[in-house]
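What follows is the residue order along each chain.
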Amino acid sequence: MKKRVLSGIRATGRLHLGNYLGAVKGMLALQDNPSYETFYMVADVHTLTTPYNIEELRKNRREVMVDYLAAGLDPQKSVLFQQSEVNAHIELAFYFSSVTTIAKMQHLPTFKDKVKQYPEHATMALLNYPILMAADILIYKAGLVPVGIDQEPHLEVTREIARRMNQEYGTDFPEPKRFATKGEYIPSLTGEGKMSKSVEGSYINLTDDLETIRKKVRSVPTATEAGGEKSSGLQALFSFLQVVAPTQVQHFEQSFQQGTLQFVELKDTIAEAIYAELKPLQEKRKELEANPAYVDQVIAQGAQKACEVAALTVKEVRGKMGLL
Ligand code: TYM
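Residues numbered from 1 in each chain as written. Predicted model: local features only at pLDDT ≥ 70, side-chain atom pairs only at ≥ 80, totals over all residues. Heavy atoms only, no water.

If you check an unreviewed UniProt entry, the protein chain appears there as Tryptophan--tRNA ligase from Candidatus Cerribacteria bacterium 'Amazon FNV 2010 28 9'. Under Catalytic activity (unreviewed entry), UniProt gives the following word-for-word description of the protein chain: "tRNA(Trp) + L-tryptophan + ATP = L-tryptophyl-tRNA(Trp) + AMP + diphosphate + H(+)". UniProt, in its Sequence similarities (unreviewed entry) section for the protein chain, records the words "Belongs to the class-I aminoacyl-tRNA synthetase family." (UniProt positions renumbered as here; feature names shortened; annotations may be inferred.)

Structure, rendered in structure tokens:
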């Protein structure tokens, strides 16, 4: 039996470099490994957990699918679908909510952060976010989830739900593990925290051209503190280098130690390496934009396959919970 994999990205806009290096790269590696059966979705229902614009959601969920295809996710190898087209995720999430306490959900750091960010929108949907994510994963009985390190608390919840369901109802859900990439934590261009769609000036889009990327990377603050410590901006630059141009790390570390490091040289090396990685995706994206019928077809086919698998799990759970 092939091991199942599931991952998803919210439809809050086009993908950024953090999404690509932290999640999509792992999704690609597993898709191309014949030991795995891969399910990758656009998490459009999760987008409803924070304030959003209806027209933008419609547009963005397609943009994420196009980004997936441009990055090399392949409908011949992976089931590519939109979460909202598989109603069973929402049904299973409700069943899972019966084995999850409110206290546990309220204490999650991801919940607290979002409440701080949107104090007027501390909704039940937001509280249920991790339960829906557990349903996304467990409905396919996926044991491996390629996501960035920030998603670890959600995976812990998923494992707990799997254990609870197995104990109380005799289901056979796996306890999923995170599949990590080198880029599991991509720092923000501001030098503080991680690259994030919700922080202006923190990210590089997959569609940015070389000039834009160069400008953005040059904007990373690089003041060096007394005593030769690396500032947080410089640490961020070295993290980028480690992921996109690992062969250059030694050279720049050496010049940092010797006090001869040229920030512009370091920044431009990083910018060029990022662009070299993104250029083929941008070319593929242009082809896809010219062929909307193909994208429609991928979305329709993916929904059908995902629904077939999801229906089996939900039927099993209904039966075990006394609803059949
Ligand atoms: P989202 O949209 O916030 O993030 C999508 C993916 O990108 C990764 N990521 C990063 N990785 C490294 N460095 C960064 N700076 C960075 N920023 C974002 C995230 O870790 C994530 O892998 N809850 C998920 C969406 C989801 C999901 C699922 C994922 C819904 N259901 C089921 C896996 C399985 C999320 O917040 O995505």
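1. Here's the deal with the packing of helix 2 (residues 54-71) against helix 13 (residues 292-320)
How two helices sit against one another is set out by the angle between their axes and by the gap between those axes. Packing of helix 2 against helix 13 leaves a shortest axis separation of 11 Å and a crossing angle of 95 degrees. Comparing the axis directions of helix 2 and helix 13 gives the class roughly perpendicular. Packed against helix 2, whose contacting residues are R62, M65, V66 and L69, the element helix 13 presents P292, Y294, V295, D296, V298 and I299 at the interface. A breakdown of the residues in the contact of helix 2 with helix 13 according to their chemical character gives eight nonpolar, no polar and two charged. (Axes fitted to C-alpha atoms, helices over the stretch in contact; angles between N-to-C directions. Helix = DSSP H or I, 4+ residues; strand = E, 2+ residues; numbered from the N terminus. Parallel < 35°, antiparallel > 145°, perpendicular 65-115°, else oblique. Contact = heavy atoms within 4.5 Å. Nonpolar A, V, L, I, M, F, W, Y, C, P; charged D, E, K, R; others polar.)

2. Describing a nonpolar patch on the surface
Side chains of L48, Y52 and I54 sit close together on the surface and give an oily, nonpolar patch of about 290 Å² of accessible area. You can see Y52 is positioned in the loop between strand 2 (36-43) and helix 2. (Patch = residues over 30% accessible without salt bridge, like charges linked within 9 Å, V, L, I, M, F, W, Y side chains within 5 Å. Areas by Shrake-Rupley, 256 points an atom, 1.4 Å probe, with all protein chains shown as cover. Salt bridge = Lys/Arg side-chain N within 4 Å of Asp/Glu carboxyl O.)

3. Focus on the pairing of strand 1 (residues 3-10)
Two elements, strand 1 and strand 2, share eight bridges in a ladder whose sense is parallel. The residue bridging I9 from the neighbouring strand is V42, located in strand 2. Taken together, strand 1, helix 1 (residues 17-31) and strand 2 form a β-α-β motif whose crossover is right-handed. (Pairing = 2+ DSSP bridges. Right-handed = clockwise from strand over helix to strand, strands pointing away.)

4. Re the domain arrangement of the protein chain
The domain boundaries assigned to the protein chain delineate domain 1 (3-184 + 292-320) and domain 2 (210-286). On a C-alpha basis, the centroid separation for the pair domain 1 and domain 2 is 32 Å. Each side of the interface is counted separately: domain 1 has 13 residues, and domain 2 has eleven residues. Contact between domain 1 and domain 2 buries roughly 980 Å² in total, counting both sides, with carbon and sulfur atoms accounting for 61%. When the area that domain 1 buries against domain 2 is broken down by residue, the three leading residues are L17, A70 and K182, summing to 47%. (Domains from an automatic or database assignment. Buried area = accessible area lost by both parts, 1.4 Å probe.)

5. Regarding the environment of A43
Mapped onto the secondary structure, A43 falls in strand 2. Residue A43 is classed as buried on the basis of its relative accessible area of 4%. (Buried < 20%, exposed > 50% of the residue type's maximum accessible area, 1.4 Å probe, protein only.)

6. Regarding helix 2
The first and last C-alpha atoms of helix 2 sit 26 Å apart over 18 residues, in line with the 26 Å expected at 1.5 Å per residue. Elements in contact with the buried residues of helix 2: strand 1, helix 1, strand 2, strand 3 (78-82), helix 12 (263-289) and helix 13. N-capping of helix 2 is provided by N53, with a side-chain oxygen placed 3.0 Å from the backbone N of E55. (Expected span 1.5 Å × (residues − 1). Polar contact = N/O pair within 3.5 Å; in protein donor to acceptor, adjacent residues only side chain to side chain.)

7. Here we look at the site of the ligand
With respect to spatial proximity, 28 residues lie near the ligand, and among them Y129, D136, G148, D150 and I186 are the closest. One of the side-chain N or O atoms of R10 is found 2.8 Å from an oxygen atom in the ligand. G148 places a main-chain nitrogen or oxygen 2.8 Å from an oxygen atom of the ligand. Protein chains bury 97% of the 720 Å² of accessible surface belonging to the ligand in isolation. Looking at the shell around the ligand, the elements with two or more residues in it are strand 1, helix 1, strand 2 and helix 7 (129-138). For the shell around the ligand, the per-class residue count stands at 13 nonpolar, ten polar and five charged. (Near = heavy atom within 4 Å.)

8. Focus on the side chain of S188
Within the secondary structure, S188 sits in the loop between strand 5 (177-179) and helix 9 (210-218). Residue S188 is classed as buried on the basis of its relative accessible area of 1%. Once you skip the residues sitting within four places of it in the chain, S188 turns out to touch G193, K194, M195, S202 and A236.

9. Some thoughts on the pattern of salt bridges
According to the stated counting rule, one finds 29 salt bridges in the structure shown. Ionic pairing is found between D67 and R285, a salt bridge with its closest N-O pair at 2.9 Å. Of this pair, D67 sits in helix 2 while R285 sits in helix 12, and the two are 218 residues apart along the sequence. With respect to burial, D67 and R285 carry one shared label: buried.

10. Some thoughts on the environment of T313
With respect to the helices and strands, T313 occurs in helix 13. Counting along the chain gives 15 residues from T313 to V298, while the straight-line C-alpha distance between them is 23 Å. Those residues within four positions of T313 in sequence are excluded, and the remaining contacts are L138, I139, K141 and F173. A distance of 2.7 Å separates a polar side-chain atom of T313 from the backbone oxygen of I139.

11. With respect to the nonpolar core
Formed by 59 residues in total, the largest nonpolar core has its most connected members in Y20, V24, Y68, L266, I270 and I274. The leading source of residues in this core is helix 12, at nine residues. Shared between two domains, this core holds at least three residues of each, these being domain 1 (3-184 + 292-320) and domain 2 (210-286). Setting aside residues up to four positions removed in sequence, I270 forms contacts with V217, L237, F240, L241 and V244. Judged by nonpolar contacts, the second largest core, of 43 residues, contains A88, M105, L155 and V309. (Core = buried A, V, L, I, M, F, W, Y, C linked by side-chain atoms within 4.5 Å.)

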